[in-house]
Amino acid sequence: MVFSKRKMKQFLAFGVTIVLVICLYKSWGSPTDGVPPYGNDFAGEGDDSIVGVGAEGEPNGRAGQSREKFILLPVDRASVDKRFQTIDNVVQRGAPNHGGVVGGKVFERVLKQAKYDSPRALLDGGTPVKRPSNGVGMVPADDYDPAHEYRMNELHEAKRQILELERKIQELEGRIPRKYPDVTFLNYKNRKRILITGGAGFVGSHLVDYLMMQGHEVIVVDNFFTGRKRNVEHWLGHENFELIHHDIVNPLFIEVDEIYHLASPASPPHYMYNPVKTIKTNTLGTINVLGLAKRVGAKVLIASTSEVYGDPDVHPQPETYWGHVNPIGPRACYDEGKRVSETLSYAYAKQEKVNVRVARIFNTYGPRMHMNDGRVVSNFIIQALQNQSITIYGSGKQTRSFQYVSDLVDGLVALMAGNYTQPVNLGNPVERTIQDFAEIIRDLVGGKSQIIELPAVEDDPQRRKPDISRAKKYINWEPRVPLQEGLMKTVDYFRKELARSNHSQRNIFVPETTEFRSLV
């Protein structure tokens, strides 16, 4: 049976209502039960009565009752003396309607739970006595309210039953087939098995979405150092999707047609956290990927970076520029690691005839960026949304060029599909200063954050702008998403992430149609 979310919510509300009705029924008694549970000997005239609730299994008690309770109503003092003898007889011999001594034991149990020491103390309105947990001695408890304690016990029981009901509903939801976006159907001739290392990361997850919507089989390999399952959870369980928890530093044996090697921490705080691991990922990891491509005859795209240019002397930077990199600086683990990755790629291409592509990726932004990755866009947006001071490292006159993540994905797919084998810059040629970018984000968020300057970071590039002539010429690519539009989507994403308070608030993936992407 398939339940819609609306029906499931109705079912939950109905179940909670039933539990509350049962609890009220237990707490206040049945409105149709006109016979006192302890027999007519306890019934007085009019309102002068003592009402008790029997235990489970008693002849005159209600079935399913798990706890005893009593409720004291106003008692006429004139009738109290007439009932002493009856009460004492009940304690000794039991109520007539409860089978003799059994009824007496039940009443004793009621008195014990109510913390009254005797029937006479109960009828006299005497002070209840509170028994210690060890059962020894009697401690006066003038402020003790047995009715309140009983209601609290009933409330805890109701909560337990509600939690049990929620668990059963979650169990039912697990049996309901998940609804996925309508992906394109490809037959076995056109459908490819595509491996994406680092596919649970920022860029990788968007590439997964694109290739899944195209109808291909996608295998994601990630060690989740910076990637998150949350980024690809909307595809879990789909017949075309597979997620493997694996570190690409170790060899991987799998059958694929194409490989996108995106695995590597890409923000300064992340790749500086473990420099040796960063170098291993970009050297040993690349060797493992190229070795896999050699064994299975797969085409492989290596995600390089604009950091191979270092702090450039040439502006803008063409692919023919060899770069200006400090080999022992704090960024060297990433810069030089990517340079070695490119060297390995073309060594395998020349010696082992591996079909390789190399993309040099410039600054990219968009939803699913890591909130603590220390990059310009995420830092500025988080600080603006929280009305904190926007921090700029250095004078703010250094320049960057920012492309939206969907433009980058289009470029990666176009490069893989093309025949051009030399490195290609993928970035936005529109250059902006960091100061201008901070002001744009502050105005877009609408806060009143101040922009402050902090000491410059070592080896921070002063100018960064790609020359995308090759991309235009050989793969017919250039960025299309305007900065304002991309930033609005990114700000909206971070605003929702900051408001998120539990795991049930999942990512909602809304695929962009081909017509929409072409219009953009």
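Keep in mind that this is a model prediction, so the values were computed, not measured.

Participant: Would you mind showing me how to read the pattern of salt bridges here?
Facilitator: Under the counting rule described, the total for this entry stands at 23 salt bridges. Its salt-bridge partner being Arg-191, residue Glu-217 comes within 3.1 Å of it at the nearest N-O pair. Here Arg-191 lies in the loop between helix H5 (146–175) and strand E5 (193–197) and Glu-217 lies in strand E6 (residues 217–222), a separation of 26 residues in the sequence. Classification of Glu-217 by relative accessible area gives partly exposed; the value is 21%. For Arg-191, a relative accessible area of 26% gives the class partly exposed. A salt bridge links Arg-368 to Asp-209; its shortest N-O distance comes to 2.9 Å.

Participant: Before we go on, may I ask you to explain helix H9 (residues 332–351) in this structure?
Facilitator: Spacing of three or four residues puts side chains on the same side of an α-helix, whose turn is 3.6 residues. Taking 1.5 Å of rise per residue, 20 residues should cover 28 Å, and H9 covers 27 Å from first to last C-alpha, within 8% of that figure. By the burial criterion, the buried members of H9 are Ala-332, Cys-333, Tyr-334, Asp-335, Gly-337, Lys-338, Ser-341, Glu-342, Leu-344, Ser-345 and Tyr-348. For H9, the secondary structure elements touched by its buried residues are helix H7 (268–273), helix H8 (275–296), strand E9 (299–305) and strand E10 (356–361). Looking one or two places after H9, you find Lys-353, whose phi comes out positive at around 60 degrees.

Participant: Would you mind showing me how to read a nonpolar patch on the surface here?
Facilitator: A cluster of nonpolar residues, Tyr-393, Ile-452, Leu-454 and Val-457, forms a patch on the protein surface that exposes about 290 Å² of accessible area. Tracing the backbone through its elements, the reader meets Leu-454 in strand E17 (residues 451–454). With a relative accessible area of 31%, Leu-454 lands in the partly exposed category.

Participant: Is there a simple way to explain H8 in this structure?
Facilitator: End to end, H8 covers 31 Å across 22 residues, agreeing with the expected 32 Å (1.5 Å per residue, within 8%). At Thr-281, H8 shows its largest bend, some 30 degrees. Inspection of H8 places Thr-278, Thr-281, Asn-282, Thr-283, Gly-285, Thr-286, Asn-288, Val-289, Leu-290, Gly-291, Leu-292 and Ala-293 among the buried residues, and these make up the whole buried set. For H8, the elements touching its buried residues are E5, strand E8 (258–261), H7, E9, H9 and E10. Gly-297 lies just past H8 and shows a positive phi near 70 degrees.

Participant: Help me understand the sheet that holds E10, please; the structure alone is not making it clear to me.
Facilitator: Whether parallel or antiparallel, the strands of a sheet pair through hydrogen bonds between backbone atoms. Taken in spatial order, the 7 strands line up as E7-E6-E5-E8-E9-E10-E15 in an open sheet, and their pairing is parallel. Unpaired on one side and paired on the other, strand E7 (241–245) and strand E15 (424–426) mark the two borders of the sheet. Each neighbouring strand pair of the sheet contributes to a mean axis angle of 20 degrees, computed without reference to strand direction. Inspection of the sheet shows E6 paired to E7 by 5 bridges, in the parallel sense. Pairing of Val-220 across the sheet is with Leu-243, part of E7.

Participant: Please clarify how the packing of H8 against H9 should be interpreted in this entry.
Facilitator: The axes of two packed helices give the description: the angle between them and the distance between them. Interaxial distance between H8 and H9 falls to 9 Å at its minimum, and their mutual angle equals 15 degrees. With respect to H9, the axis of H8 lies roughly parallel. In this structure, the crossing between H8 and H9 has a hand that is right-handed. Of the residues in H9, those touching H8 at Pro-275, Thr-278, Ile-279, Asn-282, Thr-283, Thr-286, Ile-287, Leu-290 and Gly-291 are Cys-333, Tyr-334, Gly-337, Lys-338, Val-340, Ser-341, Leu-344, Ser-345 and Tyr-348. Here the residues of the contact of H8 with H9 sort into 9 nonpolar, 8 polar and 1 charged.

Participant: Help me understand the packing of aromatic side chains in this model?
Facilitator: Aromatic ring pairs are defined here through the distance separating the ring centres and the angle between the ring planes. Here the structure, examined in full by the defined rule, presents 8 aromatic pairs. Ring geometry for Phe-402 against Phe-437: centres 4.2 Å apart, planes inclined by 15 degrees, an arrangement best described as stacked. In this pair, Phe-402 sits in the loop between strand E13 (399–400) and strand E14 (403–404) while Phe-437 sits in helix H12 (residues 434–445), placing the two residues 35 residues apart along the sequence. Side by side, Phe-402 and Phe-437 carry an identical accessibility label, which is buried.

Participant: Any chance you could explain the nonpolar core here in plain terms?
Facilitator: One broad trend across soluble globular proteins is that nonpolar side chains are buried collectively. Counting residues in each nonpolar core, the largest one holds 60 residues, and the members touching the most others are Ile-196, Tyr-260, Leu-412 and Leu-426. With residues near it in sequence (within four places) discarded, Ile-196 still touches Leu-207, Val-208, Leu-211, Val-218, Ile-219, Val-220, Val-221, Tyr-260 and Leu-262.

Participant: Before we go on, may I ask you to explain the packing of helix H6 (residues 202–213) against helix H11 (residues 405–417) in this structure?
Facilitator: In the contact formed by H6 and H11, the axes pass within 10 Å of each other and the chain directions differ by 65 degrees. By crossing handedness, the relation of H6 to H11 is classed as right-handed. In this structure, H6 uses Phe-202, Val-203, His-206, Leu-207, Tyr-210 and Leu-211 to contact H11, whose residues at the interface are Val-405, Leu-408, Val-409, Asp-410, Leu-412 and Val-413. The residue inventory of the contact of H6 with H11, partitioned by class, reads 10 nonpolar, 1 polar and 1 charged.

Thresholds applied
Residues numbered from 1 in each chain as written. Predicted model: local features only at pLDDT ≥ 70, side-chain atom pairs only at ≥ 80, totals over all residues. Heavy atoms only, no water. Salt bridge = Lys/Arg side-chain N within 4 Å of Asp/Glu carboxyl O. Helix = DSSP H or I, 4+ residues; strand = E, 2+ residues; numbered from the N terminus. Buried < 20%, exposed > 50% of the residue type's maximum accessible area, 1.4 Å probe, protein only. Expected span 1.5 Å × (residues − 1). Contact = heavy atoms within 4.5 Å. Patch = residues over 30% accessible without salt bridge, like charges linked within 9 Å, V, L, I, M, F, W, Y side chains within 5 Å. Areas by Shrake-Rupley, 256 points an atom, 1.4 Å probe, with all protein chains shown as cover. Bend = angle between axes of the 7 residues up to and from the residue. Pairing = 2+ DSSP bridges. Axes fitted to C-alpha atoms, helices over the stretch in contact; angles between N-to-C directions. Parallel < 35°, antiparallel > 145°, perpendicular 65-115°, else oblique. Left-handed = near helix turned anticlockwise from the far one by under 90°. Nonpolar A, V, L, I, M, F, W, Y, C, P; charged D, E, K, R; others polar. Phe/Tyr/Trp six-rings, centres within 6.5 Å; stacked < 30°, edge-to-face > 60°. Core = buried A, V, L, I, M, F, W, Y, C linked by side-chain atoms within 4.5 Å.

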